[in-house]
Amino acid sequence: MGKINFEFPQIEDSGCLLPDLARAQAYRYANDHLTLKKLIKAIGIAEKSFALDFALLIQSLDQATEGLKQSGKLSSFIHSLCNTILMQIRDQQTGPALESISQLSAQPLIVQDTRIGLLHPENWNLAEQQCITQILNEEDKEVWHAASASDTEPPWAAQLIHLTRDAMTTIVEANTELAREIDCYIGEIGMLDAPTFISGSAKTLPGFLLLNRLRHGQNSSTIIELLIHETTHQYIFMVEERDQLFLNDRELSFYSELRDSERPLIGIFHAMVVMARIIWCIGNLAEKGCFSTSHGPFVAAFKTPKELSYLDVFDSLLATVQQHAELTPMGLRIVDSAEQLVAAAACKSLWKES
């Protein structure tokens, strides 16, 4: 099968890091629409190659395209299945391709309201869980596999769901644009109890966020930080669909203040952008009283090495990017926006206290 090429459209104001619903909607729609176009093309090729009738499936994919125009979001797992189906058809793996296509038929295509729940077979099927657990390391996977066999929902799960919804409400009340941007990028939130994990998302699962059980006095303010953190990754993942961020090898590794070991340059770039957005957004929410006594104090999600503040970590990450990355115009635009956000952030003393 020949390569299926579709161009990701140019998005207005791309590279700016201020929360912006219109930009988020444009990126989300473009990414979702691109996946549906790839799927329709791939299923059409499979129909001819395997001499089967997929007319109803293609029709439902066409209808999902219309659903996107009504502010719907494509399920994260449809993106993952799309990549799998494309590879299987390309490699002429007939049996696996037909199995993946049958999974596609069984999946909800469009997500309207944010789906939140324990990472358990009752909430996410086997195919979905296999996609999700790619985010975890082997130790966390092992612990999760043991826990997922239980039929009883642990008491922390209901509390974490409640705190997550409380975090979302807090953001809505303080910064509507940020809240709407998060809602646009994040469609599904899974939860688990793992020893080393904090939160995660993946380029292969647009719109999906995995949260770990809270510990060490963490509260809904911690979840607010993690929502901002993972939303930022989602934004940069989608920017990367069209624009290269730097010209040198993205897998070149350098020291990072957030890790004990070296980290690929693309990871350092992401971390720098995430830090900038957290510093600005949390400062904005703090300025509006979100972390007063009634909401609980702000408790940062990450314990930084050497007790460095998030501001110090941002400066270190920025210096590494500026020293080692051969930035493209888009990369420069993002770095400039990150510097401007941190310079303009309110309540910087918060980071010394958290």
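Calculation notes
Here, residues in each chain are numbered from 1, in the same order as that chain's written sequence. Owing to the predicted nature of the model, reporting of local features is limited to residues with pLDDT of at least 70; listing and counting of side-chain atom pairs is limited to 80 or more, with chain, interface and lining totals taken over all residues. Side-chain figures throughout are based on the complete set of non-hydrogen atoms in the structure, without hydrogens or water. Helix and strand assignments follow DSSP, with helices taken as H or I runs no shorter than four residues and strands as E runs no shorter than two, numbered in order from the N terminus. Both definitions apply: the radius of gyration is a C-alpha atom measure, and the globule rule equals 2.2 Å times residues to the power 0.38. Between two residues, a contact is recorded if the distance between any of their heavy atoms is within 4.5 Å. Using a 1.4 Å probe, accessible areas were evaluated by the Shrake-Rupley method; residue-level cover was limited to the displayed protein chains. Whether a residue is buried, partly exposed or exposed follows from its accessible area with a 1.4 Å probe, protein chains only, as a fraction of its type maximum: under 20%, in between, or over 50%, in that order. At least two DSSP bridges between two strands are required for those strands to pair. In this analysis, axes come from line fits to C-alpha atoms, helices being fitted only over the stretch in contact, and the angle between any two N-to-C directions falls in the range 0 to 180 degrees. Every angle not falling under 35 degrees, over 145, or within 65 to 115 is termed oblique; those three ranges are roughly parallel, roughly antiparallel and roughly perpendicular. By definition, turning the near helix anticlockwise from the far helix through less than a right angle yields a left-handed crossing, and turning it clockwise yields a right-handed one. Throughout this description, the term salt bridge denotes a Lys or Arg side-chain nitrogen within 4 Å of a carboxyl oxygen of Asp or Glu. In a helix, the anticipated span is given by 1.5 Å times the number of residues less one. The definition of a polar contact used here is a pair of N or O atoms within 3.5 Å, where within protein one atom must be able to donate a hydrogen and the other to accept one, and adjacent residues in sequence count solely through side-chain atom pairs. Here, the term nonpolar core denotes a set of buried Ala, Val, Leu, Ile, Met, Phe, Trp, Tyr and Cys residues that are joined through side-chain atoms within 4.5 Å.

Novice: Quick question: what am I supposed to make of the overall build of the protein here?
Specialist: Of regular secondary structure, the protein possesses 13 helices and 8 strands. Against the 2.2 N^0.38 benchmark of 20 Å for 354 residues, the protein shows a C-alpha radius of gyration of 21 Å, consistent with a compact globule. Dimensions of the protein, computed from the C-alpha atoms along their principal axes, are close to 65 × 50 × 40 Å. In the protein, of all internal contacts separated by at least 6 residues, the share reaching a separation of at least 24 is 74%. When the accessible area of the protein is evaluated, it comes to approximately 16000 Å², of which 50% is carbon and sulfur surface.

Novice: Please clarify how the side chain of Gln88 should be interpreted in this entry.
Specialist: With respect to the helices and strands, Gln88 occurs in helix H3 (residues 76–90). Gln88 gets classed as buried once you look at its relative accessible area, which sits at 11%. Those residues in contact with Gln88 that sit more than four places away from it in its chain are Gln93, Pro96, Ala97 and Ser100.

Novice: In this structure, what is going on with the sheet that holds strand E3 (residues 115–118)? I would like to understand it.
Specialist: With mixed pairing, 4 strands are arranged side by side in an open sheet as E3-E4-E6-E5. The open sheet has two free edges, formed respectively by E3 and strand E5 (199–200), since each of these has just one partner strand. Relative to strand E4 (residues 188–192), E3 runs parallel, the two being bridged by 4 bridges. When the bridges of E4 are listed, Arg115 appears paired with Glu188.

Novice: Just to check I follow, could you spell out the environment of Tyr235 for this structure?
Specialist: Among the structural elements, Tyr235 can be located in helix H9 (residues 220–242). Tyr235 sits in the buried class, given a relative accessible area of 1%. With 28 residues separating them along the chain, Tyr235 and Gly207 place their C-alpha atoms 9.9 Å apart. Not counting the four nearest positions on each side in its chain, Tyr235 is found in contact with Asp13, Ser14, Gly15, Cys16, Leu17, Arg23, Tyr27 and Tyr185.

Novice: Just to check I follow, could you spell out the packing of helix H1 (residues 21–50) against H9 for this structure?
Specialist: Each pair of packed helices can be described by the angle between their axes along with the distance between the axes. Remark: H1 packs on H9, axes separated minimally by 10 Å, with the N-to-C direction vectors making an angle of 60°. Considered as vectors, H1 and H9 are oriented oblique to each other. In this structure, H1 meets H9 at a crossing whose hand is left-handed. Judged by residue contacts, Arg23, Tyr27, Arg28 and Asn31 of H1 engage Tyr235, Met238, Val239 and Glu241 from H9.

Novice: What am I meant to see in the pattern of salt bridges here?
Specialist: Taken as a whole, this structure holds 11 salt bridges when the rule is applied. Here Glu138 and Lys141 are joined by a salt bridge, their closest N and O atoms 3.7 Å apart. With Glu138 and Lys141 both in helix H6 (residues 138–148), this residue pair falls 3 residues apart, about one helical turn. Residues participating in the shared-partner salt-bridge network are Asp193, Arg213 and Arg215.

Novice: So what exactly am I meant to see when it comes to unusual backbone geometry here?
Specialist: With a phi angle near 55°, Ala51 is a residue other than glycine that sits in the positive phi range. On the accessibility criterion, Ala51 (69% relative accessible area) is exposed. A positive phi is found at Gln92, a non-glycine position, where the angle reads about 55°. Relative to the helices and strands, Gln92 is located in the loop between H3 and helix H4 (94–106). Overall, Gln92 belongs to the exposed group, its relative accessible area being 65%.

Novice: Explain the pairing of E4 here, please?
Specialist: Along any regular strand the residues' side chains alternate between the sheet's two faces. For E4, the buried fraction is high: 5 of the 5 residues fall into the buried class. Because side chains alternate across E4, one face comprises the buried residues Glu188, Gly190 and Leu192, and the other comprises Ile189 and Met191, equally buried. Relative to strand E6 (residues 208–212), E4 runs parallel, the two being bridged by 5 bridges. Residue Leu192 lies in a different strand from E6, and its bridge partner there is Asn212.

Novice: Whenever I open this one, H1 confuses me. Can you help?
Specialist: The periodicity of an α-helix, 3.6 residues per turn, causes residues three or four positions apart to be oriented the same way. Its 30 residues place the ends of H1 42 Å apart at the C-alpha level, agreeing with the 44 Å of an ideal helix rising 1.5 Å per residue. The distance from a side-chain oxygen at the start of H1 to the backbone nitrogen of Ala22 is 3.3 Å, and the residue carrying that oxygen is Asp20. Immediately beyond the C-terminal end of H1, within one or two residues, lies Ala51, with a positive phi of roughly 55°.

Novice: Whenever I open this one, the nonpolar core confuses me. Can you help?
Specialist: One recurring pattern in soluble globular proteins: nonpolar side chains tend to sit buried together. Counting residues in hydrophobic clusters, the biggest one holds 81 residues, and the most contacted among them are Leu245, Phe269, Met272, Ile282, Phe314 and Ile334. If one sorts the elements of this core by residue count, helix H10 (residues 265–287) sits on top with 17 residues. Not counting chain neighbours up to four residues away, the residues in contact with Ile334 comprise Gly15, Leu17, Ile236, Val239, Leu245, Phe269 and Val273. By size, the runner-up hydrophobic cluster in this structure holds 23 residues, among which are Leu61, Leu68, Cys82 and Ile101.

Novice: Would you take a moment to explain the environment of Leu74 for this structure?
Specialist: Secondary-structure assignment places Leu74 in strand E1 (residues 73–74). Separated by 155 residues in sequence, Leu74 and His229 have C-alpha atoms that sit 21 Å apart. Excluding residues within four positions of it along the chain, Leu74 makes contact with Arg28, Asp32, Thr35, Leu36, Leu68, His79, Leu109 and Ile110.

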